[in-house]
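Breakdown of the fold
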Amino acid sequence: MTVTELQSGPIQVVDYRCSAGPDAKPFTELHQGYSVAYVRKGSFGYRVRGESYELVAGSVLVGYPGDEYLCTHDHHVCGDECLAFHLSPGFVDLIGGDTNTWRTGGLPPLPELMVLGELAQAAAEGHSDAGLDEIGLWFASRFVDVVSGRKSTPQPAAARDRRRAVEAALWINAHSHEDIALDRAAAEAGLSPFHFLRLFSRVLGVTPHQYLVRSRLRHAARLLADDDRPVTDVALDVGFADLSNFVRTFHRAAGVSPRAFRQAARQGLRGERKILQDRMAALIDDGRLIRACSH
């Protein structure tokens, strides 16, 4: 495991790169604080509080202080990489969300979070002027908005089925720029389309088509953040055959158009900074911001 701290302070940003495979023996670890980690590459198993999650590219791992957990690699041979935001208790208080929200455990690939995860990765690599602390607040705030009031519990599945689902997700992600129908993906997994759809959804929490579209959005967000090619070319390169569909789908996921997203990446999220500044200023009177910065 290679751990690189990219930023310290009340919002600590850490790059994790793990090369462990099926032969690695899992060991118990402890979450020291609150965190949301974006899985940008590979896959791994996450076990916490008796629940099991299979995390693939685009998934989110949520840490709660004091929780013991295991990371497993039984079905995962390609390693994994994560970009994690560790938040002080004060900033968690600022962002909001109850205990159930912050003990979500793991989230499947969700477009609302994937596009921000890719923007964060672009910033970490110096391809965006956006500050990592700003993106961390945006990412964590969006996470709270998405999961508040909703708790998803993964259904049990056999180890062989989990392996098949993860391998299928890795294949879909690698070929997401292609035209992939359900029967083609099912054939790659060696299953009937019906069985494949049910298995994939039960293990990973999203349907194969949802994961395909979200993989395309993830790749598009990255290209928009650190590439100057026209939006039309980005849409075609990642697998969208229709520009209007790409613009509509991206806007629904990110809350802004592809061009506005690119502008935010270039200009350092000035609009989001203003929103966060206003939000923080409104909390100064009751002392919550002071607590946030003191932890």
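The present account deals with the structure reproduced in this document. (Residues numbered from 1 in each chain as written. Predicted model: local features only at pLDDT ≥ 70, side-chain atom pairs only at ≥ 80, totals over all residues. Heavy atoms only, no water.)

Before going further, it helps to spend a moment on the side chain of aspartate 15. Among the secondary structure elements, aspartate 15 is positioned in strand β2 (residues 11–18). When its relative accessible area of 8% is taken as the criterion, aspartate 15 is described as buried. A distance of 2.9 Å separates a polar atom in the side chain of aspartate 15 from a polar atom in the side chain of arginine 17. Here the side chain of aspartate 15 touches arginine 40 through a polar contact of 2.6 Å, side chain to side chain. Those residues within four positions of aspartate 15 in sequence are excluded, and the remaining contacts are Thr2, Val3, Thr4, Leu6, Arg40, Cys82 and Leu83. (Helix = DSSP H or I, 4+ residues; strand = E, 2+ residues; numbered from the N terminus. Buried < 20%, exposed > 50% of the residue type's maximum accessible area, 1.4 Å probe, protein only. Polar contact = N/O pair within 3.5 Å; in protein donor to acceptor, adjacent residues only side chain to side chain. Contact = heavy atoms within 4.5 Å.)

Moving on: the nonpolar core. Ranked by size, the top nonpolar core spans 54 residues in total, and within it Val36, Trp102, Phe143, Phe246 and Phe250 carry the most contacts. Looking at this core element by element, the count peaks at nine residues for helix α4 (residues 132–147). In terms of nonpolar packing, the next biggest core, distinct from the first, is built from 21 residues, Val56, Ala57, Ile172 and Ile180 among them. (Core = buried A, V, L, I, M, F, W, Y, C linked by side-chain atoms within 4.5 Å.)

A turn of α-helix holds 3.6 residues, and therefore any two residues three or four places apart point the same way. A rise of 1.5 Å per residue sets the reference length of helix α8 (residues 208–226), with its 19 residues, at 27 Å; its end C-alpha atoms lie 27 Å apart and thus fit the reference within 8%. Across the 19 residues of α8, 15 count as buried, placing the element largely inside the fold. (Expected span 1.5 Å × (residues − 1).)

A volume near 630 Å³ is recorded for the largest pocket. Met1, Tyr16, Glu29, Tyr69 and Cys71 are the residues nearest the centre of the largest pocket, which is lined by 27 residues in total. Counting residues per element, the ones that place at least two in the lining of the largest pocket are β2, β3 (29–30), β4 (34–48), β7 (68–72) and β8 (80–87). Ranked by the residues each element gives to the lining of the largest pocket, the list is headed by β8, at four residues. The class makeup of the residues in the lining of the largest pocket is 15 nonpolar, nine polar and three charged. (1 Å grid on protein atoms, 1.4 Å probe; cavity = no way out; pocket = protein on both sides within 12 Å on 5 of 7 lines; lining within 4 Å. Points joined across faces, edges and corners; volume = space filled by probe spheres on them. Nonpolar A, V, L, I, M, F, W, Y, C, P; charged D, E, K, R; others polar.)

Moving on, we get to the state of the cysteines. Evaluated as defined, the whole model comprises zero disulfides. Just so you know, cysteine 18 is unpaired, no disulfide at all, and the nearest cysteine sulfur is the one on cysteine 71, 7.6 Å from it. Using a relative accessible area of 13% as the deciding quantity, one classes cysteine 18 as buried. The closest cysteine sulfur to the non-disulfide-bonded cysteine 82 is located on cysteine 71, 7.8 Å from its own sulfur. (Disulfide = S-S within 2.5 Å.)

Before going further, it helps to examine the pattern of salt bridges. Per the stated rule, a full pass over the model turns up 17 salt bridges. Notably, a salt bridge pairs glutamate 54 with arginine 47, separated by 3.1 Å at the nearest N-O pair. Look at glutamate 54 and you get buried, because its relative accessible area is 3%. For glutamate 118, the salt bridge goes to arginine 222, with nearest N and O atoms at 3.9 Å. Placement of the pair is glutamate 118 in helix α3 (residues 111–124) and arginine 222 in helix α8, with a sequence separation of 104 residues. We classify glutamate 118 as buried; its relative accessible area is 5%. Connected through shared salt-bridge partners, Glu118, Glu125, Arg218, Arg222 and Asp226 make up one network. (Salt bridge = Lys/Arg side-chain N within 4 Å of Asp/Glu carboxyl O.)

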